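Coordinate inspection notes
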Amino acid sequence: MNSVSLLHWILFLPLGAAAFSAFFLRRHGAFAAWFSTLTAFIIAGLALTILTQTSEDIKWHYELGKIGGISLGFGYLIDAHARLMLFVVSFVAAWIHLFSVGYMKDDGARGRFFAGLSIFMFSILGIVVADNLLMTFIFWELVGFSSYMLIAHYFDTDFAAEASKKAFITNRIGDLGFILGIALCLKLYGTLDFAELKLQAGSAVPIALGLLLMCGFLGKSAQFPLHVWLTDAMAGPTPVSALIHAATMVAAGVYFMARISFLLAPEVLDWMAISGAGMAALAGFCALAQTDIKKSLAYSTLAHLGIMGCAIGLGHPELAVLHMAMHAFFKATLFLGAGSVIHGCHHEQDMLKMGGLLKKMPITAATFIAATLSNCAVPFFAGWYSKDAIIEASWHGGHFIVFGFLALAAVATCLYSGRMIRLVFMGAPNSKAATHAHESPWTMTLPISVLGIVYAIGAGFAANILIPHSSLQVVEKSLNAMAFHLTSPATIVGAVALILGYLSFRFYGLFVGQDSLQKISPRTYQLLEYRWMDTLYNWYIDKVQRRFAELIVFLDLLVINGLAVRWIAGGTFAALGHVSNAIFHRGQARANAIWITLGSLLFIWFLLR
Amino acid sequence: MENTTLSHHLVLAGILFVIGLSGVLIRRNLLVVYMCLELMLTASTLALVAFSRFNNTMDGAIFVFFIITVAAAEVAVGLALIVALFRQRQTVSSEKLNTLCD
């Protein structure tokens, strides 16, 4: 089988699995689960084959048709970034599938859930292989749809229903900019093909193009100011959170930005660097004030996404992709570990009510701690290679503000990691649920062991063995350029951060069953809970946007529709309609009946007069 | 039967209609309101039958057949809706069913 038909299989196998599960396996949950998991592992195997068997770029294009002289196509472009991404996505997703088999065992809608996972795989793999902007956009929207479906898995709870809406609408705002960017790109260059664009885009790329295309990234990768959806998105089942945070959704934005980095003007890059680093620092500290284990991890993801965005802004897209890959391993482990903890504690998510789980759930605890150390960028763990390289890059590039923010983010990472480990695994159990906690079945511990022990620890120094070599070529070059020294700024920052992380670990042991920071400084804690961004958005929508919309409706109905089009005859009734709407429309069926009767009587009187 | 005229029938239909209408306007129990609505419909069919009888055509009578057929179906749907509504809200009072009002 040649590589193109392999890619066909990789892309369409999950679609087929999703369709089959959705149509035929809705009532056969157990079968759907194993079926979907099996296809996920087959895809991971095929992706591995692609990586080990081919080393050249793969290009394949099929023209679907032409509209107005513009070719609309469907095609594959597999370069070094795509190779790494293909491996990470399919590999991590396959283990998440296996984890879900155990985690969703008692769920009544497993058929729908696993169909959702498969369509999510299909969407993200489409973005990975796409060779043009239009195809990317279509799969981009599919990612939005499938995340909506999965976040709303528990759709009978208000929280999940609202979180899924929030994620979908926030993404839609970003996508508006994205599609305008595609239109602008078409106008400027007359093509949407990545390879042709790369040839045509010179040194002077308009700022607007980069800004518009960046909007899509802001929404999908949860960058400031469209980051608000990500922390609510954990309303979905934990494996979905792992999938969104690690392998699929948020990674899509970073990957896409790395792919079109030649279309970004220097000003756009500067903005990405500053805002990314700023958000990384902010989100890192916000993770300190969350009691929900998944929410705390969600803020951690926001911080890492900020770091990735920052790396692209610094002009190192390959480092961003590397960090995305490393982050995928340890964040998937952290989320799956959190899922295992939640499962073991009978669906208790409050960290303050956990504690002492090290002895009750040894495998989960070991993998979670390994992934946390990777998250903290302990030397020679996976996270260290990518994160410290980015911090180093900001110093070498002379972006000292960015460096400052990134250093803060590194410190914050260690602080919340220390807190999390202390609260969840150490000390004594703080609730009945934690006292009766039990280790999870093998379908759950095996994935976290593979992802956690092998990849979160080893993906860095054993990268050449664990991650197919061909996918690392690009990254290696940039890593070698950033030779590590013991006295380099990134190492110093890392060391300080780790010491502070240890202190945080001790600090959170001071009070039992309570958050130490909240006890000592409630105001700081309240500020870090980060409710003010939602408050701000609510205020804006309620007081500004809604008022504006009402004004527009009023003008449209009365002035344009009423006075301008139908003049006095129509305008009078439009005005009357407004008055009656305000005065008589009170939602009382009886009142309406009375008014209808009076109206009919008036009409009859008018006829018989 | 000899001295009944069209007017008698129409007045009867009118009285029935007004009884139904006032029931709709006054009562709050949706079930009663619904029965009153049916009464209004029946009043109109009575008028149709009367017209048919006194004008010596079958048009009105045939019309009534259709109305009754459709009304039977409509009653089934309407009652089912009221039952469903009661299960959802534990009330069928029209005063309390005003969630659509802002």
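Residues numbered from 1 in each chain as written. Chains lettered and ligands numbered in written order. Predicted model: local features only at pLDDT ≥ 70, side-chain atom pairs only at ≥ 80, totals over all residues.

Our focus in this paragraph is the overall build of chain B. Scanning chain B from N- to C-terminus turns up three helices and zero strands. Seen in sequence order, chain B has helices and strands lined up from the N terminus as α-α-α. For a compact globule of 102 residues, the expected C-alpha radius of gyration is about 13 Å, and chain B comes in at 17 Å, more than 25% above that figure. With respect to the principal axes defined by its C-alpha atoms, chain B has extents near 55 × 25 × 25 Å. (Helix = DSSP H or I, 4+ residues; strand = E, 2+ residues; numbered from the N terminus. Rg over C-alpha atoms; globule rule 2.2 N^0.38 Å.)

The next subject is the overall build of chain A. Broken down by element type, chain A carries 27 helices and two strands. For chain A, the C-alpha radius of gyration of 27 Å lies close to 25 Å, the compact-globule estimate for 609 residues. Based on the C-alpha atoms only, the size of chain A along its principal axes is roughly 100 × 65 × 55 Å. Every one of the 609 residues in chain A was classed for burial, and the buried ones make up 52%. If you take every contact in chain A between residues at least 6 apart in sequence, the share linking residues at least 24 apart comes to 80%. (Buried ≥ 20, exposed ≤ 12 C-beta atoms within 10 Å, placed from the backbone. Contact = placed C-beta atoms within 7 Å.)

So, on to the environment of Pro 225 of chain A. All names here are of chain A. By the secondary structure assignment, Pro 225 is in the loop between α8 (207-220) and α9 (228-232). With 13 C-beta atoms packed within 10 Å, Pro 225 lands in the partly exposed category. The spacing of Pro 225 and Ser 431 is 206 residues in sequence and 37 Å in space, taken between C-alpha atoms.

Here we come to helix α23 (residues 489-507) of chain A. All names here are of chain A. With 19 residues, α23 ought to run about 27 Å at 1.5 Å a step, and its terminal C-alpha atoms sit 26 Å apart, in line with that. Listed in full, the buried residues belonging to α23 are Ala 490, Val 493, Gly 494, Ala 497, Leu 498, Gly 501 and Ser 504. Along α23, the residues classed as buried sweep out an arc of 135 degrees about the axis, all on the same side. Of the exposed residues in α23, the ones pointing more than 90 degrees away from its buried face are Ala 495, Ile 499 and Arg 506. Buried positions along α23 lie against α17 (382-396) and α18 (400-425). (Expected span 1.5 Å × (residues − 1). Arc of directions from axis to C-beta.)

The next subject is the packing of helix α12 (residues 266-286) of chain A against α18 of chain A. Residues and elements named next belong to chain A. At a minimum axis distance of 8 Å, the contact between α12 and α18 shows a crossing angle of 25 degrees. Taken as axis vectors, α12 and α18 run roughly parallel relative to one another. Considering how the two elements wind past one another, α12 and α18 form a crossing that is left-handed. Contacts between α12 and α18 involve Ala 273, Ile 274, Ala 277, Gly 278, Ala 280, Ala 281, Gly 284 and Phe 285 on the former and, on the latter, Ile 401, Val 402, Phe 405, Leu 406, Leu 408, Ala 409, Ala 412, Thr 413 and Tyr 416. Looking at the contact of α12 with α18, its residues break down into 14 nonpolar, three polar and no charged. (Axes fitted to C-alpha atoms, helices over the stretch in contact; angles between N-to-C directions. Parallel < 35°, antiparallel > 145°, perpendicular 65-115°, else oblique. Left-handed = near helix turned anticlockwise from the far one by under 90°. Nonpolar A, V, L, I, M, F, W, Y, C, P; charged D, E, K, R; others polar.)

Further remarks concern the pairing of strand β1 (residues 58-67) of chain A. Residues and elements named next belong to chain A. With zero of its 10 residues buried, β1 lies for the most part at the surface. The sheet contact formed by β1 and strand β2 (residues 70-78) spans nine bridges and is antiparallel. Within β2, the position partnered with His 61 by the bridge is Gly 75. In this structure, the hairpin formed by β1 and β2 is closed by a connection of two residues, where Gly 68 is found at a positive phi of approximately 55 degrees. (Pairing = 2+ DSSP bridges.)

Bringing the packing of α12 of chain A against helix α13 (residues 293-313) of chain A into the picture now. Residue and element names in this part refer to chain A. Two elements in contact, α12 and α13, have axes whose closest approach is 7 Å; the angle formed by their N-to-C orientations is 160 degrees. Here α12 lies roughly antiparallel to α13, going by the angle between them. Pair α12 / α13 crosses with left-handed handedness. Contacts between α12 and α13 involve Leu 269, Asp 270, Met 272, Ala 273, Gly 276, Ala 277, Met 279, Ala 280, Ala 283, Gly 284 and Cys 286 from the first element and Tyr 299, Leu 302, Ala 303, Gly 306, Ile 307, Gly 309, Cys 310, Ile 312 and Gly 313 from the second. Classifying every residue of the contact of α12 with α13 gives 14 nonpolar, five polar and one charged.

Moving on: the nonpolar core. Residue and element names in this part refer to chain A. Membership of the largest hydrophobic core comes to 198 residues, with the highest contact counts inside it found for Val 92 and Leu 406. Ranked by residue count, the leading element in this core is α18, at 18 residues. In this view, Leu 406 contacts Ala 277, Ala 280, Ile 307, Cys 310, Ile 390, Ile 391 and Ser 394; residues no more than four positions away in its chain are not counted. (Core = buried A, V, L, I, M, F, W, Y, C linked by C-beta atoms within 7 Å.)

Moving on, we get to unusual backbone geometry. Residues and elements named next belong to chain B. Look at Asn 56: it is not a glycine, yet its phi comes out positive at around 55 degrees. For Asn 56, the position within the fold is in the loop between α2 (30-54) and α3 (59-89). Owing to 6 C-beta atoms within 10 Å, Asn 56 belongs among the exposed residues under this scheme.

All names here are of chain A. Examined against the element boundaries, Ser 449 turns out to sit in helix α20 (residues 442-458). Ser 449 gets classed as partly exposed once you count the C-beta atoms within 10 Å, which come to 18. Separated by 298 residues in sequence, Ser 449 and Ile 151 place their C-alpha atoms 25 Å apart. If we skip the residues at most four places from it in the chain, Ser 449 touches Ile 363 and Thr 367.

All names here are of chain A. Relative to the assigned elements, Val 143 resides in helix α5 (residues 133-151). Among the residues examined, Val 143 registers 24 C-beta atoms within 10 Å and is labelled buried. On a C-alpha basis, the gap between Val 143 and Gly 418 in space is 33 Å, while along the polypeptide they are 275 residues apart. Those residues in contact with Val 143 that sit more than four places away from it in its chain are Ser 123, Ile 124, Ile 127, Thr 248, Met 249 and Ala 252.

Residue and element names in this part refer to chain A. Between the first and last C-alpha of α13 there are 30 Å, a value that for 21 residues agrees with the 30 Å anticipated at 1.5 Å per step. Among the 21 residues of α13, 21 are classified as buried, and the element is accordingly described as predominantly covered. Looking one or two places after α13, you find Gly 315, whose phi comes out positive at around 90 degrees.

Looking now at the confidence of the model for chain B. This prediction gives chain B a mean pLDDT of 89; 95% of its residues lie at or above 70. Our summary of model confidence lists the complex with pTM equal to 0.76 and ipTM equal to 0.82. (pLDDT = per-residue confidence, 0-100.)

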